[in-house]
Amino acid sequence: LDHILHASVYIPCAFFLMDFNTLCSRRPGFLVWIVGIAIGITTEMVQYILPYRGFDINDLVANFLGVTLGWIIIHFMKK
């Protein structure tokens, strides 16, 4: 359940990045995906540094899947 919640939190991340989408005219959808993945990696790396939090590779994979699913939804909504 924890990993499903992680993925569901990152699905809207792609929707929030749609305004960022207009900055790159050649591959706008791909840029949203890259930035979403970078946000997911950054949050997990911050948890690795903090002494009261823990890094979990499964959370990182769930973040990746959530951003990817959100990006796929946006991609099909645009078409």
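Structure: above.
Residues numbered from 1 in each chain as written. Predicted model: local features only at pLDDT ≥ 70, side-chain atom pairs only at ≥ 80, totals over all residues. Heavy atoms only, no water.

Spacing of three or four residues puts side chains on the same side of an α-helix, whose turn is 3.6 residues. A rise of 1.5 Å per residue sets the reference length of helix 1 (residues 2-16), with its 15 residues, at 21 Å; its end C-alpha atoms lie 22 Å apart and thus fit the reference within 8%. Three or more residues of helix 1 are buried, namely His 6, Ala 7, Tyr 10, Cys 13 and Ala 14. In a view along the axis of helix 1, the buried residues occupy a sector of 100 degrees, so they form one face of it. Those residues of helix 1 that are exposed and aimed more than 90 degrees away from the buried face are Ile 4, Val 9 and Phe 16. (Helix = DSSP H or I, 4+ residues; strand = E, 2+ residues; numbered from the N terminus. Expected span 1.5 Å × (residues − 1). Buried < 20%, exposed > 50% of the residue type's maximum accessible area, 1.4 Å probe, protein only. Arc of directions from axis to C-beta.)

Moving on to the environment of Met 18. Tracing the backbone shows Met 18 in the loop between helix 1 and helix 2 (28-49). Sequence separation between Met 18 and Ile 74 is 56 residues, and the spatial gap between their C-alpha atoms is 8.6 Å.

Another aspect to go through is the nonpolar core. Grouped together as the largest cluster of nonpolar side chains are eight residues: Tyr 10, Cys 13, Ala 14, Leu 17, Val 32, Ile 37, Val 67 and Ile 74. For this core, the element with the most residues is helix 1, which contributes three residues. Those residues in contact with Tyr 10, other than ones at most four positions away along the chain, are Ile 39, Gly 40, Thr 43, Asn 63, Gly 66 and Val 67. (Core = buried A, V, L, I, M, F, W, Y, C linked by side-chain atoms within 4.5 Å. Contact = heavy atoms within 4.5 Å.)

This part is about the packing of helix 1 against helix 3 (residues 57-78). Direction vectors running N to C along helix 1 and helix 3 enclose 40 degrees, while the axes themselves pass 7 Å from each other. Taken together, helix 1 and helix 3 sit at an angle that is classed as oblique. When the axes of helix 1 and helix 3 are compared, the crossing they make is right-handed. Residue-level contacts link Asp 2, His 3, His 6, Ala 7, Tyr 10, Ile 11, Ala 14 and Phe 15 of helix 1 to Asn 58, Asp 59, Ala 62, Asn 63, Gly 66, Val 67, Leu 69, Gly 70, Trp 71, Ile 73, Ile 74 and Met 77 of helix 3. (Axes fitted to C-alpha atoms, helices over the stretch in contact; angles between N-to-C directions. Parallel < 35°, antiparallel > 145°, perpendicular 65-115°, else oblique. Left-handed = near helix turned anticlockwise from the far one by under 90°.)

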